[in-house]
Amino acid sequence: MMDMSELGTAAAYLRMSDKDLLKLHTLPYEGKKKIWIPDDKHAYIEAEVKETSGDKLTVETADGKKVTIRADDVQLMNPPKFDMIEDMAMLTHLNEASVLHNLRRRYSKWMIYTFSGLFCVTVNPYKWLPIYTTQVVAAYRGKRRTETPPHIFSICDNAYNDMLRNRENQSMLITGESGAGKT
């Protein structure tokens, strides 16, 4: 595991402190009751199953509203220990709602990079963050991807080292909408 002091002021934008993670990961959780339901405004919202009748569920949303919904329309929620996870491939329930929730939560803390298996997902902050300094480059140099918080520098350094070690070309695919900040 990386010593976060190596990242200087960028650390807060790349990984939560152990203390903050511990708070998140110890929240109470009832696995069969917590779900995501579709929502027109937010894509998905958190709900708790109150009653089951055949293929219909009666749920209560976080704002106290009761809703009846088909069981096929809900998605399972992950335990709190997966909240703000750095690699979404580790989610117990890898579904659209959980991915969106994780990206939304990380983005709310300006943690714009998140791994998803071999991929690095980036959400454009539309502002400059102090995560592109020479100190940050040096902190990622020579480290395995699993040792560091998600960052494009991790992907680049690993590709460069694989190129040197294996004497094979490496490639990266960077995709996104026009104006999304790929450059």
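In this text the structure is predicted, and so the values were computed from the model without any measurement. (Residues numbered from 1 in each chain as written. Predicted model: local features only at pLDDT ≥ 70, side-chain atom pairs only at ≥ 80, totals over all residues. Heavy atoms only, no water.)

Requested: an account of the pattern of salt bridges, with residues and values cited.
Following the criterion strictly, the structure yields 11 salt bridges and no others. Of the charged contacts, one joins lysine 143 and glutamate 6 as a salt bridge, the two residues approaching to 3.0 Å between their closest N and O atoms. Residue lysine 143 is found in the loop between helix 3 (134-140) and helix 4 (152-166), and its partner glutamate 6 is found in the segment before helix 1 (18-25); the two are separated by 137 residues along the sequence. In this structure lysine 143 comes out as buried when scored by relative accessible area, which is 19%. With its nearest N and O atoms 3.2 Å apart, the salt bridge here joins arginine 145 to aspartate 87. (Salt bridge = Lys/Arg side-chain N within 4 Å of Asp/Glu carboxyl O. Helix = DSSP H or I, 4+ residues; strand = E, 2+ residues; numbered from the N terminus. Buried < 20%, exposed > 50% of the residue type's maximum accessible area, 1.4 Å probe, protein only.)

Requested: an account of unusual backbone geometry, with residues and values cited.
At methionine 84, a position not held by glycine, the phi torsion is positive, near 70°. Within the secondary structure, methionine 84 sits in the loop between strand 5 (75-76) and helix 2 (96-108). Notably, arginine 167 is not glycine yet its phi reads approximately 55°, a positive angle. With respect to the element layout, arginine 167 can be found in the segment after helix 4. Arginine 167 gets classed as exposed once you look at its relative accessible area, which sits at 77%.

For the nonpolar core, give the residues involved together with the corresponding values.
Formed by 13 residues in total, the largest nonpolar core has its most connected members in Leu7, Ala10, Leu14, Ile112, Ile131, Val136 and Tyr140. Take this core: its biggest share by element is three residues, from helix 3. Those residues in contact with leucine 14 that sit more than four places away from it in its chain are Leu7, Glu86, Arg106, Met111, Ile131, Tyr140, Pro149, Pro150 and His151. With eight residues, the next largest nonpolar core counts Ile37, Leu57, Val59 and Ile69 among its residues. (Core = buried A, V, L, I, M, F, W, Y, C linked by side-chain atoms within 4.5 Å. Contact = heavy atoms within 4.5 Å.)

How would you explain the sheet that holds strand 5 if you had to name every residue and give the values?
Here we have five strands laid out as an open sheet, ordered 4-3-2-1-5, and antiparallel in their pairing. The sheet is open, and its two borders are formed by strand 4 (66-70) and strand 5, each paired with just one other strand. Sheet topology note: the strand 1 (residues 34-39)/strand 2 (residues 43-53) ladder contains six bridges and is antiparallel. Residue pairing for strand 2: proline 38 is matched across the bridge by tyrosine 44. With respect to the sheet, helix 2 is in contact with strand 1, strand 2 and strand 5, its orientation differing from that of strand 2 by roughly 135°. (Pairing = 2+ DSSP bridges. Axes fitted to C-alpha atoms, helices over the stretch in contact; angles between N-to-C directions.)

By themselves, these are just geometric observations and shouldn't be taken as functional.
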